[in-house]
Amino acid sequence: MDSVDKAILNEVQGNFPVSSDPYGDVGKKLGISGEEVLTRVKALKQNKIIRKVGPFFDAKKMGHRSTLCAVHVPEEKLRETADIISSYVEVTHNYLREGSPNVWFTLIAENEGEIERILSEISDKAGVGPIRNLPARRMFKIKVDLKLKG
Amino acid sequence: MEQKDIDIIRALQNEEFYFELNPFAKIAHKLNMELDLLLERIKQLKEAGIIRRFGAAMTPHKAGFSSNAMVTWNVPLEHENEAAEAMAAHARVSHCYLRDGFEGFPFTLYTMVHANSPEDLEVVLDELAELGNVKERRVLKSLKEYKKSSPVYFPEKM
């Protein structure tokens, strides 16, 4: 990652231009061509420095509900249960963690009923439970991006 | 939400478009919509806060933080807001929420903490304990990542 890459990252992290020629716009600011910006963004993505490009939505403003769920799964059922949980597109993160409960996952769905439905389906299919549904009661902070020094 | 917006939101989530020149022209074409109208509607969705931002997200690990942990704290109800605010103000805390406790798990304050090493993580956690005046914590160390993806809004049902 060189200084041009860092300049591009700082430019596109928080504010990818919504225009007819976004890469050209970024290029103009940095004095390079739009094609070069795109080539570099592609490489940053391939090297997994960029995780995702696109829109970041406010789940709540779209009327969606998000929650963190926890369930204790016995060792012998772990693989199967984890696969069942991860198979839902509504599940965005799913981890095995130390202690009990040991499986923690996040869920975003169109409404509360959908969340309940998915949790009871997981519980039935995997034969595990109770699944603790732990939506945030109050949110104090959500990730801010890090600026890179050139 | 109107069907037209749902169609736009679905199309915007297809990441492949962004690795080509003129991504929005391609999205407009897919939606059978004028480019100008699409750009205008995206701007309105941003102004309404439905789109928080348009951009690129970096992998935290690649940004220099190698020890990241989900840490929960057992904080008395009467000073939970105070403790949460104090911890949220710490630069190494990226997420900070209050959730309900449950049987056998009295920890209600959840933080995502980023550090450069396991030793650094301990230092940061001790700082947070002092800031929030909380004695008992549990680090939910991740042993295995089964899935990590971006949320999909309005997924197409199979």
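The rules behind these values
Every residue gets a number counted from 1 within its own chain, in the order that chain's sequence is written. By the order in which they are written, chains take letters starting at A while ligands take numbers starting at 1. Restriction of local features to residues with pLDDT of at least 70 applies here, the model being predicted, together with a cutoff of 80 or more for giving and counting side-chain atom pairs; totals for whole chains, interfaces and linings are based on all residues. The side-chain values count all of the structure's non-hydrogen atoms but skip hydrogen atoms and water molecules. Here a cavity is any set of points on a 1 Å grid over the protein atoms alone where a 1.4 Å probe fits but cannot get out, and a pocket is any open set with protein on both sides within 12 Å along at least 5 of 7 lines; a residue lines the site when it has an atom within 4 Å of a point. Grid points are joined across faces, edges and corners, and a volume is the space filled by probe spheres set on the points. By the criteria applied, helices consist of DSSP H or I runs no shorter than four residues and strands consist of E runs no shorter than two, each listed in order from the N terminus. Patch membership is restricted to residues that have no salt bridge and whose relative accessible area is over 30%. Joining uses 9 Å for like charges and 5 Å for the nonpolar side chains Val, Leu, Ile, Met, Phe, Trp and Tyr. Areas reported here follow the Shrake-Rupley algorithm with a probe of radius 1.4 Å; residue values treat only the protein chains shown as occluding. Any Lys or Arg side-chain nitrogen found within 4 Å of a carboxyl oxygen on Asp or Glu counts as a salt bridge. Counting rule applied: Lys, Arg positive; Asp, Glu negative; His and chain ends not counted. Positions of charges follow a simple convention, taking NZ of Lys, CZ of Arg, CG of Asp or CD of Glu. To sort residues, take the accessible area from a 1.4 Å probe on protein chains only and compare it with the maximum for the residue type: under 20% means buried, over 50% means exposed, and anything in between is partly exposed. For every residue, the pLDDT score states the predictor's confidence, bounded by 0 at the bottom and 100 at the top.

Trainee: Got a minute to help me understand the layout of surface pockets in this structure?
Mentor: Empty space among the atoms can be located by rolling a probe the size of a water molecule over them. Residues and elements named next belong to chain B. Size it by volume and the second largest pocket reaches roughly 160 Å³. Lining the second largest pocket are Asp-7, Arg-10, Ala-11, Gln-13, Asn-14, Lys-30, Leu-31, Val-152, Tyr-153, Phe-154, Pro-155 and Glu-156. Listing elements by their share of the lining of the second largest pocket, those giving two or more residues are α1 (3–12) and α2 (23–31). Top contributing element to the lining of the second largest pocket by residue count: α1, with three residues.

Trainee: I would appreciate a short explanation of a negative patch on the surface in the present structure.
Mentor: Residue and element names in this part refer to chain B. On the surface, Glu-34, Asp-36, Glu-40 and Glu-47 cluster together to form a negatively charged patch. Its location among the elements puts Glu-40 in helix α3 (residues 35–47). Residue classification places Glu-40 among the partly exposed residues on the basis of a relative accessible area of 42%.

Trainee: Mind showing me how you'd approach the confidence of the model for chain B here?
Mentor: Do not read the predicted coordinates in detail wherever pLDDT is low. Summary statistics for chain B give a mean pLDDT of 91 and a share of 96% for residues scoring 70 or more. Predicted complex, confidence summary: ipTM 0.81, pTM 0.80.

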